[in-house]
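Listed below are the residues making up each chain.
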Amino acid sequence: RWILGMARLHSSKGQEVVLDVWKALPAVARGTLALFFVGQETETGYQKVLQDKIRTLPDPDNIVIVGPSDRPQDWLQAADIFISGSLHEGMPLAPLEAVGFGLPTILSNIEGHQFLRPWAHFFDTLKPEEGAARIVEVLDSMKTNSQFFEERWAETAPVRERWGAPVMAASYAQIFQSA
């Protein structure tokens, strides 16, 4: 199973928090997972900080820093779980897109993620074991429910209705017309 962390590589985006969650996962779960960080480095030297930390973790070969992508939808489509350990957010587009794709979404319990509460699982950034527990719960649900992704897609329909491309385009057009 693939876990996707898609955000610019920056200390405020919580990739180190996600690595702490990875470390807190049971070895048997970690052995079945790959963690991908997709995003542009926007804090000079931060990618090296992450690479150095990855080398100290269990199963480091299952963690990949991909870098930037001009096709984020492909990563969302390929992933099984989305995670963000962000420390603060304004409008978290990647988590919103992940929920809209129907991905099980594990988010840091911060104010900027709260509007996604009906569709996401939350964890305290200071308690990585909570994030690990949420991942294990999702993995268990995937194993026991053959309709997991179909049900998830149906549950997240309100997200696509509220923030889908046609709705957002109409909203932007209205803003521009009123200016």
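Details of the structure are given in the entry above.
All values reported here derive from a predicted model rather than from experimental measurement.

1. Quick notes on the sheet that holds strand β4 (residues 81–84)
Across a sheet, strands are paired by hydrogen bonds formed along the backbone, either parallel or antiparallel in direction.
No. 1: The six strands lie next to each other as β3-β2-β1-β4-β5-β6, forming an open sheet whose pairing is parallel. A single partner strand is all that each edge strand has here, and the edge strands are β3 (63–67) and β6 (121–123). Strand-to-strand twist of the sheet, defined as the mean angle between neighbouring strand axes without regard to direction, takes the value 25°.
No. 2: Pairing between strand β2 (residues 34–38) and β3: four bridges, direction parallel. Residue pairing across strands places Val38 opposite Gly67, the latter belonging to β3.
No. 3: Across the face of the sheet, helix α1 (residues 15–24) comes into contact with β2, β3, β4 and β6 while running at roughly 180° to β2.

2. With respect to the packing of α1 against helix α3 (residues 46–55)
No. 1: Relative to each other, α1 and α3 sit at 10°, their axes nearing to 11 Å. Between α1 and α3, the angle falls in the class roughly parallel. When α1 is examined against α3, the residues Gln15, Glu16, Leu19 and Asp20 are found in contact with a partner set consisting of Tyr46, Val49, Leu50, Lys53 and Ile54.
No. 2: Residues belonging to the contact of α1 with α3 are distributed by class as follows: five nonpolar, one polar and three charged.

3. Points about the layout of surface pockets
No. 1: The space that makes up the largest pocket amounts to roughly 310 Å³.
No. 2: When contributions to the lining of the largest pocket are tallied by element, the ones reaching two or more residues are α5 (93–100), α8 (157–163) and α9 (165–178).
No. 3: The element contributing the most residues to the lining of the largest pocket is α5, with four residues.
No. 4: Taken together, the residues of the lining of the largest pocket break down into 10 nonpolar, two polar and two charged.
No. 5: The computed volume of the second largest pocket comes to approximately 190 Å³.
No. 6: In terms of lining, the second largest pocket is formed by 20 residues, of which the most central are Met6, Ala7, Lys13, Ser84 and Glu89.
No. 7: Going through the elements one at a time, β1 (2–6), α1, β4 and α5 are the ones with two or more residues in the lining of the second largest pocket.

Rules and cut-offs
Residues numbered from 1 in each chain as written. Predicted model: local features only at pLDDT ≥ 70, side-chain atom pairs only at ≥ 80, totals over all residues. Heavy atoms only, no water. Pairing = 2+ DSSP bridges. Helix = DSSP H or I, 4+ residues; strand = E, 2+ residues; numbered from the N terminus. Axes fitted to C-alpha atoms, helices over the stretch in contact; angles between N-to-C directions. Contact = heavy atoms within 4.5 Å. Parallel < 35°, antiparallel > 145°, perpendicular 65-115°, else oblique. Nonpolar A, V, L, I, M, F, W, Y, C, P; charged D, E, K, R; others polar. 1 Å grid on protein atoms, 1.4 Å probe; cavity = no way out; pocket = protein on both sides within 12 Å on 5 of 7 lines; lining within 4 Å. Points joined across faces, edges and corners; volume = space filled by probe spheres on them.

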